[in-house]
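# Understanding the architecture of this molecule
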Amino acid sequence: MGMSQAYGPGDDTESIATIHRALDLGVTFLDTADVYGPHINEELVGRAIAGRRDEVVLATKFGIVLDPADPLKRGFDARPEYVRASMDGSLRRLGVDHVDLYYLHRVDPTTPIEDTVGAMAELVRAGKVRHLGLSEAAAATIRRAHAVHPIAALQSEWSLWSRDVEGDVLATCRELGIGVVAYSPLGRGFLTGALTSPDDFGPDDYRRHSPRFQGEAFEQNLRLVDTVRELADGKGVTAGQLALAWVLARGDDVVPIPGTKRRRYLEENVAALDVTLDAAELALLDSIVPVGDRYPDMSFVAGVSPER
């Protein structure tokens, strides 16, 4: 996402070089969405994987729709006809004949999940999709979806300061054999320790409007980062690597997707695979309590769907 929106200006040349470097380092999973940009991130990923499609487990998402009059307002659409149209658009922009994982980006409270997943299952039968996923869905919704067609993955925000998934949702996924894709495992950059003030954000950086990056919440979260940085310094690694190692330690069924648009940060992130945490270190990190709301009130027209 950050290559095409929300985190300041993009650089397509560096972004494509970053994706190529990721593949060279053995990274195999690329995750995008039709709403990123919108649309232009899928086009970027398509250009980057041209000629290397067989090296990639390719995922994209649908279901969030933007208000043309106000890009800060977003809604949901998961009607069967929208599912089919969205898939065709994504395949065209990505330049591929199928995706490996197709997620419902957010649950649409006006469309039964059974209808949405039924339409997604049709795409599997048509050969356009290999596996189905959900994003930010509640445990009951996951069960209803899985009863229609096997759900391979749930994407949810999961990091040292975003641990909502660790209750019923995670238990349900593990009961049903559903993998978890942890997005924003670096706390939208905060857990790297690189951010010291709200003034660090450019005028077009969405974090300027997020409660976690403002006022007292920002200061409290800095104290969380101090704990991470202190432990990281003692291990001779970066704060970001330690934060990623914590997510990686959640289980073999957890795949973090740290976003970056620069090769140097990609290489730092990949090196987190070599960081191991002992029981005492994990207990210390587990004791950190997240602070702040994950999303500002304006993120969605009606807020996050009640079913999530």
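Look a little higher up for the structure.
Here is what the cut-offs are and how they apply
- Residues numbered from 1 in each chain as written.
- Predicted model: local features only at pLDDT ≥ 70, side-chain atom pairs only at ≥ 80, totals over all residues.
- Heavy atoms only, no water.
- Helix = DSSP H or I, 4+ residues; strand = E, 2+ residues; numbered from the N terminus.
- Buried < 20%, exposed > 50% of the residue type's maximum accessible area, 1.4 Å probe, protein only.
- Areas by Shrake-Rupley, 256 points an atom, 1.4 Å probe, with all protein chains shown as cover.
- Axes fitted to C-alpha atoms, helices over the stretch in contact; angles between N-to-C directions.
- Parallel < 35°, antiparallel > 145°, perpendicular 65-115°, else oblique.
- Left-handed = near helix turned anticlockwise from the far one by under 90°.
- Contact = heavy atoms within 4.5 Å.
- Nonpolar A, V, L, I, M, F, W, Y, C, P; charged D, E, K, R; others polar.
- Salt bridge = Lys/Arg side-chain N within 4 Å of Asp/Glu carboxyl O.
- Pairing = 2+ DSSP bridges.
- Phe/Tyr/Trp six-rings, centres within 6.5 Å; stacked < 30°, edge-to-face > 60°.
- Lys NZ or Arg CZ within 6 Å of the ring centre and 35° of its normal.

A tally of helices and strands in the protein chain yields 10 helices and 9 strands. Within the span of the protein chain, comprising 308 residues, buried residues form 53% of the whole. Surface summary for the protein chain: the accessible area is close to 13,500 Å², and the carbon and sulfur share equals 52%.

It is worth spelling out the packing of helix α1 (residues 12-24) against helix α9 (residues 263-270) at this point. With their axes 9 Å apart at the nearest point, α1 and α9 run at an angle of 25° to one another. With respect to α9, the element α1 is oriented roughly parallel. The chirality of how α1 crosses α9 is right-handed. Contact with α1, carried on its side by E14, A17, T18, R21 and A22, involves R263, L266 and E267 of α9 and no other residues of that element. Grouping the amino acids of the contact of α1 with α9 by side-chain chemistry returns 3 nonpolar, 1 polar and 4 charged.

So, on to the pattern of salt bridges. Within this structure, the stated rule accounts for 20 salt bridges. K61 serves as the salt-bridge partner of D31, at 2.3 Å between the closest nitrogen and oxygen. Note that D31 is positioned in strand β1 (residues 29-31) and K61 in strand β2 (residues 57-62), a separation of 30 residues in sequence. With respect to burial, D31 and K61 carry one shared label: buried. By sharing partners, the salt bridges in this structure join R163, E166, R250 and D286 into a single network.

So, about the sheet that holds strand β8 (residues 179-183). With parallel pairing, 7 strands are arranged side by side in an open sheet as β1-β2-β5-β6-β7-β8-β9. If you trace the sheet from one side to the other, it starts and ends with β1 and β9 (254-257), each paired once. Here the strands of the sheet are splayed against their neighbours by 25° on average, with no regard to which way each runs. In this structure, strand β5 (residues 99-104) lies alongside strand β6 (residues 129-135), joined through 5 bridges in parallel fashion. Looking across to β6, one finds that Y102 is bridged to L132.

With that settled, consider the packing of aromatic side chains. Considering all chains together, one arrives at 2 aromatic pairs under this definition. Measuring from ring centre to ring centre gives 5.2 Å for W161 and F190, while their planes differ by 25°; the resulting arrangement is stacked. Of this pair, W161 sits in the loop between β7 (151-157) and α6 (168-176) while F190 sits in the loop between β8 and α7 (215-235), placing them 29 residues apart in sequence. F190 carries the same exposure label as W161, and that label is buried. Above the plane of the ring of W246 lies R250, whose end atom (NZ or CZ) is 4.1 Å from the centre.

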